[in-house]
Each structure stands twice: as C-alpha cells, then as structure tokens.
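# Structural characterization, general
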Amino acid sequence: MEEVLDSLRKIINRWVNTETPLTEDGEEGDVLLKVKNSLRFRDGDEIMITDDKEFEYPLYVARVIDETTIELVEPLNFQWPVADGSKVKKSVAGKIVQGIYLGEPNTISNFPAITVVGESQSSQWTTLESTTETYEVNINAYIEDSTLEDGYRGLMKLTKLI
C-alpha cells in the first residue's frame with residue numbers, strides 16, 4: 001500500500017504544483033508566454049507568474065498552443081524577465097498548494113492542502129498464478145478562505161486539478 005500512496009502523492013504533486021520557467025521575457029501587455037514545458041497546463045487553468053519575490057495573479061490559460069507556448073486570457077500587467085528566474089505556477093484561488101500529506105495529520109497549518117489516505121487493500125486470485133490487487137484510497141482537499149462561498153469555489157477548483 002505504501003508504494004501506491006507514494007505514487008499517488010507524486011502524481012498529484014506533479015499536476016497541482018506544476019511550474020515551469022519562462023524562456024523569454026514576459027513583457028507588460030503580452031498574452032503569449034514562452035516556457036520550458038507547458039505539457040501539464042490545461043485550458044482554463046489558474047496560474048501565477050513569480051520570481052519568488054513578486055507575484056502576478058490570478059491569470060488564466062486561454063489555451064496551450066504547443067509544448068512551449070501558453071496563451072493567457074488577459075495580458076500581463078507587469079514585466080517578467082527570465083534573468084530574474086521568472087516562472088509560471090499553477091495556483092488555486094491565488095494560492096499554491098502548501099502540502100500533500102500521506103495519512104491524516106492532526107493539524108494542517110497551511111492551506112490549500114491535500115491528504116492521501118489508504119483505507120484498504122485486498123487480493124483476489126484470478127488464476128492459479130495471478131491475483132488482482134484492489135486498493136481503496138481517499139483523497140481529501142482542504143482550503144481556507146475569507147467566506148464560505150469563496151472557500152467552496154476554491155475547493156471545487158482544487159478538486160478539479162486533482
């Protein structure tokens with residue numbers, strides 16, 4: 001079960017915490033971003049651009065044009081130089097997923113967060129030489145926001161990413 005849970009956490013992390021560096025400067029007014037790899041981004045994704053000091057969000061992907069080009073719904077408001085380490089990151093309600101935990105921690109202090117909980121594992125013989133393995137896993141999403149409605153909307157976005 002442990003290997004299955006570790007694999008699930010790794011896959012979820014790759015999709016919800018996707019980030020890729022810019023390969024060309026993002027200029028104010030640009031709607032096309034040149035990135036190292038756009039394969040884990042989807043049309044409609046909420047993203048942010050950051051150099052780890054400043055952030056621009058929320059931005060939305062209009063479409064992924066090819067493996068290295070993302071088109072935005074709205075143009076950039078600021079300049080994002082490659083030299084500053086500017087990168088594109090997926091976000092949920094303007095936040096980055098803070099943790100993906102195995103099991104159910106007593107306290108989750110940073111949100112949004114995801115837990116992956118193994119509930120059961122069973123084996124069934126299908127032939128004399130092989131079995132079918134079944135794993136039951138719960139994936140839980142947690143988000144904190146200023147209002148119940150905003151929190152619900154953020155939770156729906158996070159579950160869609162998962």
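Our subject is the structure that appears above.
Residues numbered from 1 in each chain as written. Predicted model: local features only at pLDDT ≥ 70, side-chain atom pairs only at ≥ 80, totals over all residues. Heavy atoms only, no water.

## Focus on the pairing of strand β8 (residues 113-127)
Here strand β7 (residues 99-102) runs beside β8; their pairing, made up of 4 bridges, is parallel. Counted as the bridge partner of Tyr 101 is Thr 115 from β8. In this sheet, strand β9 (residues 130-142) lies alongside β8 in antiparallel orientation, the contact comprising 13 bridges. Residue pairing for β9: Thr 127 is matched across the bridge by Ser 130. The antiparallel pairing of β8 with β9 creates a hairpin that spans 2 residues between the two strands. (Pairing = 2+ DSSP bridges. Helix = DSSP H or I, 4+ residues; strand = E, 2+ residues; numbered from the N terminus.)

## A look at the environment of Val 92
Among the structural elements, Val 92 can be located in the loop between β6 (87-90) and β7. In sequence terms Val 92 and Ile 143 are 51 residues apart; their C-alpha atoms lie 9.1 Å from each other. Discounting chain neighbours no more than four positions away, the residues touching Val 92 are Glu 46, Val 97, Pro 112, Ile 143, Gly 154, Lys 157, Leu 158 and Leu 161. (Contact = heavy atoms within 4.5 Å.)

## Side note on the pattern of salt bridges
Following the criterion strictly, the structure yields 8 salt bridges and no others. A salt bridge links Lys 157 to Glu 46; the nearest nitrogen and oxygen atoms lie 3.7 Å apart. One end of the pair, Lys 157, is in helix α2 (residues 148-161); the other, Glu 46, is in strand β3 (residues 46-50), with 111 residues separating them in the sequence. Residue class for Lys 157 comes out partly exposed when judged on its relative accessible area of 38%. A relative accessible area of 7% places Glu 46 in the buried class. Among the ionic pairs, Lys 87 bridges to Asp 52, the shortest N-O distance being 2.9 Å. Of this pair, Lys 87 sits in strand β6 while Asp 52 sits in the loop between β3 and β4 (55-66), and the two are 35 residues apart along the sequence. In this structure Lys 87 comes out as buried when scored by relative accessible area, which is 15%. Through salt bridges that share partners, Glu 19, Asp 52, Lys 87 and Lys 89 make up one connected network. (Salt bridge = Lys/Arg side-chain N within 4 Å of Asp/Glu carboxyl O. Buried < 20%, exposed > 50% of the residue type's maximum accessible area, 1.4 Å probe, protein only.)

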